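# Notes for the structure review
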Amino acid sequence: MRGMTGSYGQRGRRRAPYEACARLITAPTKTSMGGHPALLWLEDTDKGSGTIIWTADTPEEVLEAERLYNAAHGLGGDDESTDFTPVSRTNDERQLLQAILANDGTQPLLAYADWLSAQQNPQGEFIRVALEAETLNRDDPRFDSVNARWAELLEEHGESWYAPLSAMNLFPYDQSFWISKGVIHEVEINRPGLLTERAAQLFDAVPLLDTLSFDCENLNVSQFADIPQMAQIRSLDFRYAGVDPDQLMILLQSPFLRNLLELNLGGNEPGNKLVRAVIDSPVWPQLRSLNLGSCNIDDEGLALIAASDGPLELRELNLDESECTAEGLAKLAECVALEKLTSLS
């Protein structure tokens, strides 16, 4: 390798493509240097952000560069990414996890916490502390001590709890971001091909995963329609992901989205076609939250919603920065199917 700057270009141990992707600020673009294929990207280095130019001189380096490019653009092609060792869990633990997924209450979580504590696993205490913290007001004398213990446990054990995700080069900016009620329940996908190619590993790493968000552009959401594990997803966040309405329609027709309750399409266009894809899908009657902010929805889109047959479960509807008129909003307000709506913004 020659003509390189930055950490990826340093000689010595080479990082696997997905490991390298974790530090990318921009996805690599293909170019050439002196007649040789090259990649150019911006990376977060130990000394701050820096421009990386990787010139590949040998066939082996060309292949490695191609793997990095594919990984960063979610195109797959990395054989190392498909093999994984499942997290070791007993049948008792698996049954407890299934009970949590099947029940919104806290009792299954508390039962799981008791089981973890019996195994000398500190996450049992973390779950109980997290559940207690949710019940306390700031003026409660226990508020500070309970939250301090929560932070202490996360600081001490968070790295090990996130280890299965870290093996996939997935980690939040702050360890608390993807945690609720003492368990990891949310993941932000930063490579489009990851979910389709490594769904089994992802849901094995996060057995209580119910929320997915995507930090990707021009995301082909139709590719998620055939993933059985999507049956446990309750919230999908596609904000500014360049979602195509036709691809969205394919996804929302999936029988595996039977538990979807929240859908965020903010920042995607054209809004009216996105509305059509949603209301013509089997998930529409069950959705409780729909974000269509910054989608350029106009009165035509509102009319589609207002014409919906009830009953609908929708409680929250976001239409921020839309092109709607007062007349269009008035017709929406008359929609009997939206009788459960409590928040319109």
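Residues numbered from 1 in each chain as written. Predicted model: local features only at pLDDT ≥ 70, side-chain atom pairs only at ≥ 80, totals over all residues. Heavy atoms only, no water.

## Examining the packing of aromatic side chains
The criterion, for reference: Two rings belonging to Phe, Tyr or Trp (six-membered ring only in the last case) form a pair when the distance between their centres is within 6.5 Å. Interplanar angles under 30 degrees mark stacking, angles over 60 mark edge-to-face geometry, and anything in between is tilted. Only DSSP runs of H or I reaching four residues or more are called helices, and only runs of E reaching two or more are called strands; each is numbered from the N terminus. Three exposure classes are used, based on accessible area relative to the maximum for each residue type with a 1.4 Å probe and protein chains only: buried under 20%, partly exposed in between, and exposed over 50%.
Tallied over the entire structure, the rule returns seven aromatic pairs. Taking the centre distance of 4.8 Å and the plane angle of 40 degrees together, the rings of Phe-126 and Trp-161 count as tilted. Taken together, the residues Phe-126 in helix α5 (residues 123-135) and Trp-161 in helix α6 (residues 143-161) connect sequence positions 35 residues apart. Take Phe-126: its relative accessible area is 0%, and that puts it in the buried class. With a relative accessible area of 13%, Trp-161 lands in the buried category. Seen in terms of ring centroids, Phe-214 and Phe-224 are 5.2 Å apart; in terms of plane orientation they differ by 20 degrees. Their pairing is stacked. Highlighted residues: Phe-214 in strand β7 (residues 211-214) and Phe-224 in the loop between β7 and β8 (235-237), separated in sequence by 10 residues. Here Phe-214 and Phe-224 have matching classes, each one buried.

## Focus: helix α11 (residues 299-306)
For clarity, the cut-off: In this context, the arc is that of the directions from the helix axis out to the C-beta atoms. Should any heavy atoms of two residues lie within 4.5 Å, those residues are counted as being in contact.
Every buried residue belonging to α11 is among Gly-301, Leu-302, Leu-304 and Ile-305, and all of these are buried. An end-on view of α11 places all buried positions within 155 degrees of arc, on one side of the element. Taken together, the buried residues of α11 touch α10 (271-279), β11 (316-318) and α12 (326-333).

## Observations regarding the confidence of the model for the protein
Selection criterion: Each residue carries a pLDDT score, the predictor's confidence in it, ranging from 0 to 100.
Per-residue confidence for the protein averages 86 on the pLDDT scale, and 88% of its residues sit at or above 70. Counting contacts from residues 1-19, a segment whose pLDDT is below 50, to residues more than four positions away or on other chains yields 56 contacts.

## Digging into the pattern of salt bridges
Using the following cut-off: When a carboxyl oxygen of Asp or Glu is within 4 Å of a side-chain nitrogen of Lys or Arg, the pair counts as a salt bridge.
A full pass over the atoms with the stated rule returns 13 salt bridges. The partner of Arg-142 in a salt bridge is Asp-140, and the shortest N-O contact between them spans 3.2 Å. Across the pair Glu-313 and Lys-340 runs a salt bridge whose closest N-O atoms are separated by 2.9 Å. Note that Glu-313 is positioned in the loop between α11 and β11 and Lys-340 in the loop between α12 and β12 (343-344), a separation of 27 residues in sequence. Of the residues examined, Lys-340 reaches a relative accessible area of 31% and is grouped as partly exposed. Within the structure, one salt-bridge network assembled from shared partners comprises Arg-89, Glu-93 and Asp-204.

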